Amino acid sequence: MEVSRKAILGKTHYGLNIYAYVLRQYYPGETVLSLSGRDCKPAKNPFNADKPTLLVKVVDGCATHTDSEEAIAQGNVFDFAALHFSLEGQTLLDKLNEDLHLRIGKQQGFYAQAESQPAVALSEIVKPAAPVFSYFNKPVTNVTPSRQASLIEVYNLIKSNEFASCTSTLRNIPDPKEARKYKAQNFDYVTFSGTFSKRNDVNLQRHSGLLTIDFDHIQDIPTLKTALLNDHYFETELLFVSPSGDGLKWVIPIDLTQAKHQDYFKAVANYVSHTYQLEVDQSGKDISRACFLPHDSEIFINPKYL
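Residues numbered from 1 in each chain as written. Predicted model: local features only at pLDDT ≥ 70, side-chain atom pairs only at ≥ 80, totals over all residues. Heavy atoms only, no water.

Quick notes on the pairing of strand β14 (residues 248-253)
Walk down a regular strand and you will see the side chains alternate between the two sheet faces.
Logical step 1: Among the 6 residues in β14, 5 count as buried, and that is most of the element.
Logical step 2: Two elements, strand β12 (residues 210-215) and β14, share 6 bridges in a ladder whose sense is antiparallel. When the bridges of β14 are listed, D214 appears paired with K249.
Logical step 3: Of the strand pairs in this sheet, strand β13 (residues 238-241) and β14 are connected by 4 bridges, and their pairing is antiparallel. Looking at β14, one finds that F240 is bridged to K249. (Buried < 20%, exposed > 50% of the residue type's maximum accessible area, 1.4 Å probe, protein only. Helix = DSSP H or I, 4+ residues; strand = E, 2+ residues; numbered from the N terminus. Pairing = 2+ DSSP bridges.)

Focus: the pattern of salt bridges
Logical step 1: In total, this model carries 7 salt bridges according to the counting rule given.
Logical step 2: A salt bridge links D99 to K95, with the shortest nitrogen-to-oxygen separation between them at 3.4 Å. With a gap of 4 residues between them, D99 and K95 both fall in helix α4 (residues 89-99), about one helical turn apart.
Logical step 3: Using a relative accessible area of 18% as the deciding quantity, one classes D99 as buried.
Logical step 4: K249 is the partner of D214 in a salt bridge, and the nearest nitrogen-oxygen pair spans 3.2 Å. One end of the pair, D214, is in strand β12; the other, K249, is in strand β14, with 35 residues separating them in the sequence. (Salt bridge = Lys/Arg side-chain N within 4 Å of Asp/Glu carboxyl O.)

Some details on the environment of L93
Logical step 1: Mapped onto the elements of the fold, L93 is located in helix α4.
Logical step 2: The class for L93 is buried, based on a relative accessible area of 7%.
Logical step 3: Along the backbone, L93 and A81 are 12 residues apart, and their C-alpha atoms lie at a distance of 9.5 Å.
Logical step 4: Those residues in contact with L93 that lie beyond four places of it in its chain are V3, S4, R5, I8 and F78. (Contact = heavy atoms within 4.5 Å.)

What to know about the side chain of K225
Logical step 1: Considering the arrangement of structural elements, one finds K225 in helix α8 (residues 221-229).
Logical step 2: For the buried residue K225, which engages in no salt bridge, the nearest side chain bearing the opposite charge is D296, 4.7 Å off.
Logical step 3: Filtering out sequence-adjacent residues up to four positions away, K225 remains in contact with L239, L248 and E298. (Lys, Arg positive; Asp, Glu negative; His and termini not counted.)

Taken by themselves, the reported measurements are silent on function.
Given below as structure tokens:
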């Protein structure tokens, strides 16, 4: 399936998400685009010495821009993306599909092929609610959650320096036994698959619709990370490097109306073994599986939550 402009606009809120994505490359950590009614407030323009002269609005179903100082030509979102990527035509569309993980032309889930997302009225655009699960304070022997946390909150914690010190210390412990002991004592953790009164499968209060897949002792983490983000069947919700530094934690959505948690895990494990020739940590089959929270400044979260 060839990636089209229409398909991209339908998956990026008329292209507003593309403007935001490009601007975030220049201004990481900042609020790069703020909606005010149907238009956006003036934003910094990286092609005009970072001046707040970029004016973005939606016209006839496509996001467009002007610059109040006319530093760049008036145009639409694809013209703006072309300035950043130095690409055009189908090559540019394919690049947007890949870099924004729009998954146009790819299957989603084991059980059905996803249909193209229809464009929605700008006034109806709402960020999806981030999944919620239980958060536990260290050590791992503590099985009573301190609170509930959302996917976005955990993303921000991992991306920040909150766990930088303990992560660095762990990765500098040469003895595996001592490293495991340190990790168990010094890392907060979450149960991505749901909320619990106590960390035990029988005490599940509500499933989050998430499944965590652990990859351990990976030699080429960047290559695997890229492959998972572009997987044909599974959409990535969260992806980060494990506390040890030699593995990945891959958090994906599952549909419990189609199969049970354990059945999904077995299916995904078999799929990973066949597709990537890798074995996954079998503890992921437990709904109450604990996932330690490390520091990873390059953590990925599905852009739909941002």
